[in-house]
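What follows is each chain in one-letter form.
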Amino acid sequence: MAEEDKEQEGENLQKIEKKNPLLLIVLLLNTMTMGLVAFFQHKSFEKEKKELTVHDVVRASMEEENKSESIEDQQGKKQNDDGEGILLPLDSFTANLAQGDGPRRFIRFNAVLKFTRDSLEEEFRARKPQIRDSIISILNSKRPNDLLKKEGKDYLKEEIKSSINSFLVDGKVLAVYYVGFQIN
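Worth saying up front: this structure is predicted, and the values here are computed from it rather than measured.

1. Examining the confidence of the model for the protein chain
Across the protein chain, the average pLDDT comes to 80, with 82% of residues at 70 or higher. In the model, residues 76-82 has pLDDT below 50 throughout and makes nine contacts with residues more than four positions away in sequence or in other chains.

2. Description of empty space enclosed by the protein
Evaluated as defined, the whole model comprises one cavity of 30 Å³ or more. Estimates place the volume of the largest cavity at around 40 Å³. As for the largest cavity, its lining consists of Leu88, Phe115, Ser119, Leu120, Glu123, Phe124, Leu168 and Asp170. Broken down by class, the residue content of the lining of the largest cavity amounts to five nonpolar, one polar and two charged.

3. Let's talk about the packing of aromatic side chains
In total, this model carries six aromatic pairs according to the counting rule given. With 5.5 Å between their ring centres and 65° between their planes, Phe39 and Phe40 make a pair best called edge-to-face. Phe40 sits in the exposed class, given a relative accessible area of 54%. A ring pair is formed by Phe109 and Tyr178, whose centres lie 5.5 Å apart and whose planes are at 70°; its orientation type is edge-to-face. With a gap of 69 residues between them, Phe109 in strand E3 (residues 106-115) and Tyr178 in strand E4 (residues 173-183) connect regions that are remote in the sequence. For Phe109, a relative accessible area of 1% puts it in the buried group. Each member of the aromatic cluster is reached from another via a ring pair, and the members are Phe93, Phe109, Tyr178 and Phe181.

How each quantity is defined
Within each chain, residues carry numbers counting from 1 in the order of the written sequence. pLDDT decides what is reported in this predicted model: residues at 70 or higher carry local features, side-chain atom pairs at 80 or more are listed and counted, and totals for whole chains, interfaces and linings draw on all residues regardless. Hydrogens and water molecules were not included; the side-chain quantities draw on all heavy atoms of the structure. By definition, pLDDT measures how confident the predictor is in each residue, and it falls between 0 and 100. Only heavy atoms matter for contacts: two residues are in contact if any of them lie within 4.5 Å across the pair. The distinction between a cavity and a pocket rests on a 1 Å grid over the protein atoms alone: a 1.4 Å probe fits inside a cavity but cannot get out, while a pocket stays open yet meets protein on both sides within 12 Å along at least five of seven lines, and a residue with an atom within 4 Å of a point counts as lining. Grid points are joined across faces, edges and corners, and a volume is the space filled by probe spheres set on the points. Each residue gets one of three labels, nonpolar for Ala, Val, Leu, Ile, Met, Phe, Trp, Tyr, Cys and Pro, charged for Asp, Glu, Lys and Arg, and polar for the others, Gly among them. Aromatic rings from Phe, Tyr and Trp, with only the six-membered ring used for Trp, were paired whenever their centres fell within 6.5 Å, and each pair was classed as stacked if the ring planes differed by under 30 degrees, edge-to-face if by over 60, and tilted otherwise. Summary of the burial criterion: residues with accessible area below 20% of their type's maximum are buried, those above 50% are exposed, and those between are partly exposed, where the area comes from a 1.4 Å probe applied to protein chains only. Counting from the N terminus, the helices are the DSSP runs of H or I reaching at least four residues and the strands are the DSSP runs of E reaching at least two.

And the structure:
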């Protein structure tokens, strides 16, 4: 009986020795596969970080515009801010904001647009529905958290200004001034 037990133990050891290399190979392949997946995910995230977002593009264009305005200031070609331009008030806006995780929010908004001197007030009056529509569309796409920060409000001014300038023929909007700004 002792001999049979020893033979069985020997057979069990041989089975274990045969299984261990296979188990070791599977374990190594699994580890290598996980390493490759982690490597490619890391490369993907690095590539994603390098891509420009819309916010980056707008910020870069704003910086370029500020640089060009400072060059114009130095050359004396830019109009003075002490009254140059036409100020035209907009009617008040009440618009729904994009819904985030919380309850439905809305914005009450009053603004004044500053146009260049060569702008025609008739064109502004004729395009008033387009101006209101573009501003409401922009406001509807914003979340409350985007507009609570100063840079969010400045970004909104730039968006409104570029949107209006895209369809004006004579003159252009120089600035947007907030007269009232409330988020509920």
